[in-house]
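Coordinates in review
This is what each chain is made of:
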Amino acid sequence: MIMNTEDDIFIPSIIRKGVFSSFCWDNNDLCEETLSGQGTTHCTNGIVIQTRPDWCENEDEANQTPLQRSKNRSLKIVTEEQPVHFYSKPRVGPKTNFSKQTHNSFQSLSLVSRKKDFCFLLCRMSLLDNLFLLDNVSQCIPAWTAFNIMTDHTNVPRANSIGYLQVIDASPTDLNTVTTVLQRSVSIADKLGQRDVVIVFDQAIYAKALEIIWLL
């Protein structure tokens, strides 16, 4: 975390200056069980989101340290027959109104998806199971979601940088808390050199933010 000692504004280290930032704030109610129902924890959490620019992609990869995994990511399948407690008849659902053309289009899409999943399984195979043993080579194929995004060349979203802001130990139902949220977001935007700021609320907090703006 980067701290500004003048007004105690914390900016996450992953957030960069000169890149447009958006802020999201929401309530976090723990609602512990108490005898009277009072005294529960209500706080306000926020995050700042930046679209990662092209010039920092290679920089992040160069500074990234390889992770040493010490736990297995697969589970052993234990086959055990469960006793049958009751018998049920097969359910009969409503008849489908799919035409033959729609059915053929679904089959073609399903075939493409199955081929892509099979390619993913082959690419993610452990390097120790291959015929050629390679030294100092880590897994370079991402997980299933990222693999499908990378193979879809038509629409590849850019990665975002997400930083967690200071937790406000107060409920956003209070106008003072919402005022603090607005002031803190504007202060962070000023530190990042951003003229305009976008803040995302739910409808309840948004209504209180408008009430504060109308009073100013």
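The notes below deal with the structure included here. (Residues numbered from 1 in each chain as written. Predicted model: local features only at pLDDT ≥ 70, side-chain atom pairs only at ≥ 80, totals over all residues. Heavy atoms only, no water.)

1. Observations concerning the overall build of the protein
Along its length, the protein carries five helices and six strands. For the protein, the α and β elements follow one another from N to C terminus as β-β-β-β-α-α-α-β-α-β-α. Across the 216 residues in the protein, those meeting the buried criterion constitute 18%. Across the protein, contacts joining residues at least 24 apart in sequence account for 69% of those joining residues at least 6 apart. Surface summary for the protein: the accessible area is close to 18,100 Å², and the carbon and sulfur share equals 56%. (Helix = DSSP H or I, 4+ residues; strand = E, 2+ residues; numbered from the N terminus. Buried < 20%, exposed > 50% of the residue type's maximum accessible area, 1.4 Å probe, protein only. Contact = heavy atoms within 4.5 Å. Areas by Shrake-Rupley, 256 points an atom, 1.4 Å probe, with all protein chains shown as cover.)

2. Comments concerning the pairing of strand β5 (residues 160-164)
Only one face of β5 is covered, namely the one carrying Ser-161 and Gly-163; the face carrying Asn-160, Ile-162 and Tyr-164 has none of its residues buried. Note: strand β4 (residues 42-51) against β5, five bridges, orientation antiparallel. Note that in β5 the partner of Ile-47 across the bridge is Tyr-164. (Pairing = 2+ DSSP bridges.)

3. Here's the deal with a nonpolar patch on the surface
Nonpolar side chains collect at one region of the surface, where Phe-20, Val-198 and Val-200 lie side by side and expose about 240 Å² of accessible area between them. Tracing the backbone through its elements, the reader meets Val-200 in strand β6 (residues 198-200). (Patch = residues over 30% accessible without salt bridge, like charges linked within 9 Å, V, L, I, M, F, W, Y side chains within 5 Å. Salt bridge = Lys/Arg side-chain N within 4 Å of Asp/Glu carboxyl O.)

4. Comments concerning the pattern of salt bridges
Under the criterion given, the structure shown has one salt bridge. Of the charged contacts in the structure, one is a salt bridge between Asp-196 and Arg-195, with a shortest N-O distance of 3.6 Å. We classify Asp-196 as partly exposed; its relative accessible area is 45%.

5. Considerations on the environment of Thr-177
Considering the arrangement of structural elements, one finds Thr-177 in helix α4 (residues 175-191). Expressed as a C-alpha distance, the spacing of Thr-177 and Cys-43, which sit 134 residues apart in the sequence, is 9.4 Å. If near-sequence neighbours (up to four positions away) are discounted, Thr-177 is found in contact with Thr-44, Ile-168, Ala-170, Ser-171 and Pro-172.

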